[in-house]
Amino acid sequence: MSLGYTCLAIANTLLMATAERAADFAVLRLSGATRRQVLWVVAAESALAVGIGTALGLAVAPVTLLGLRSGLSAQLGTRVGLDLPWSAVALTVGVCLAIALTAGLLPARLALRRTGARVSG
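From a predicted model like this one, the values you see are computed outputs, not experimental measurements. (Residues numbered from 1 in each chain as written. Predicted model: local features only at pLDDT ≥ 70, side-chain atom pairs only at ≥ 80, totals over all residues. Heavy atoms only, no water.)

1. Side note on the confidence of the model for the protein
Moving on, step 1. Averaged over every residue, the pLDDT of the protein is 84; residues scoring 70 or more account for 93%.
Moving on, step 2. In the model of the protein, helix α5 (residues 116-120) stands out as the element of lowest mean pLDDT, 51, in contrast to helix α4 (residues 86-113), which has the highest, 90. (pLDDT = per-residue confidence, 0-100. Helix = DSSP H or I, 4+ residues; strand = E, 2+ residues; numbered from the N terminus.)

Pasting the structure below:
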């Protein structure tokens, strides 16, 4: 359930952000960048956003899980193990990356179809 909300939030944020940058893409194109170069920049930005989110999540999750473990251990009177499901983490990051790239590249590609004069003026 939370993966669905995360996917929706990523797609919505990147779709809106990329759609608002049509004038920026036009400036890049008018200054000599190819469509492929502009799309690579958008893809790199999307991947960077997922990377930063992953790093922040991996920094916060163990602290939270350790707090839960100590609380459960005290409540149950026995030591509770802590095991992160790394395959699920990798799958989640992969799905988020795929959605981020799609949600970033599709509106950028549509924005690049317009001519610079129509977008910037």
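2. A few points about a nonpolar patch on the surface
Moving on, step 1. There is a patch of nonpolar side chains on the surface, built from L48, I52 and L56 and spanning about 310 Å² of accessible area.
Moving on, step 2. Considering the arrangement of structural elements, one finds I52 in helix α3 (residues 35-76). (Patch = residues over 30% accessible without salt bridge, like charges linked within 9 Å, V, L, I, M, F, W, Y side chains within 5 Å. Areas by Shrake-Rupley, 256 points an atom, 1.4 Å probe, with all protein chains shown as cover. Salt bridge = Lys/Arg side-chain N within 4 Å of Asp/Glu carboxyl O.)

3. Looking at the nonpolar core
Moving on, step 1. Formed by A22, F25, A33, V38, V42, A108, A111 and L112, the largest nonpolar core amounts to eight residues.
Moving on, step 2. Those elements giving two or more residues to this core turn out to be α2 (22-30), α3 and α4.
Moving on, step 3. With residues near it in sequence (within four places) discarded, V42 still touches F25, G104, L105 and A108.
Moving on, step 4. I10, A11, V50 and A103 belong to the second-largest nonpolar core, a separate cluster that totals seven residues. (Core = buried A, V, L, I, M, F, W, Y, C linked by side-chain atoms within 4.5 Å. Buried < 20%, exposed > 50% of the residue type's maximum accessible area, 1.4 Å probe, protein only. Contact = heavy atoms within 4.5 Å.)

4. Some thoughts on the side chain of T18
Moving on, step 1. On the secondary structure map, T18 appears in helix α1 (residues 2-19).
Moving on, step 2. One polar contact links the side chain of T18 to the main-chain carbonyl oxygen of L14, over a distance of 2.8 Å. (Polar contact = N/O pair within 3.5 Å; in protein donor to acceptor, adjacent residues only side chain to side chain.)

5. Digging into the side chain of S46
Moving on, step 1. Note on placement: S46 falls in helix α3.
Moving on, step 2. Setting aside its immediate chain neighbours within four residues, S46 contacts L14, A100, L101 and G104.

6. Some words on the environment of P107
Moving on, step 1. Along the chain, P107 falls in helix α4.
Moving on, step 2. Each C-alpha atom of the pair P107 and A22 lies 8.8 Å from the other, and the pair is 85 residues apart in sequence.
Moving on, step 3. What P107 contacts, discounting residues up to four positions off in sequence, is L15, T18, A19 and T102.

7. Observations concerning a positive patch on the surface
Moving on, step 1. A cluster of like positive charges, contributed by R29, R35, R109 and R113, occupies part of the molecular surface.
Moving on, step 2. For R35, the position within the fold is in helix α3. (Lys, Arg positive; Asp, Glu negative; His and termini not counted. Charge placed at Lys NZ, Arg CZ, Asp CG, Glu CD.)

8. Section: the environment of D83
Moving on, step 1. Counting through the fold element by element, D83 comes out in the loop between α3 and α4.
Moving on, step 2. Residue class for D83 comes out exposed when judged on its relative accessible area of 68%.
Moving on, step 3. Separated by 18 residues in the primary sequence, D83 and L65 place their C-alpha atoms 9.3 Å from one another.

9. Concerning α2
Moving on, step 1. By the burial criterion, the buried members of α2 are A22, F25 and A26. Seen from one end, α2 has its buried residues packed into an arc of 100°, which puts them on one side.
Moving on, step 2. Backbone geometry just downstream of α2 places G32 in the positive-phi region, at approximately 115°. (Arc of directions from axis to C-beta.)

10. Focus on the packing of α1 against α4
Moving on, step 1. Where α1 contacts α4, the axes come no closer than 8 Å and their chain directions differ by 25°. On the basis of the axis angle, α1 is roughly parallel to α4. When you trace α1 past α4, the crossing you get is right-handed. Together, L3, T6, C7, I10, A11, L14, L15, T18 and A19 of α1 and T92, V95, C96, I99, A100, A103, G104, P107 and A108 of α4 make up the contact between the two elements.
Moving on, step 2. Looking at the contact of α1 with α4 residue by residue, the classes come out as 14 nonpolar, four polar and no charged. (Axes fitted to C-alpha atoms, helices over the stretch in contact; angles between N-to-C directions. Parallel < 35°, antiparallel > 145°, perpendicular 65-115°, else oblique. Left-handed = near helix turned anticlockwise from the far one by under 90°. Nonpolar A, V, L, I, M, F, W, Y, C, P; charged D, E, K, R; others polar.)

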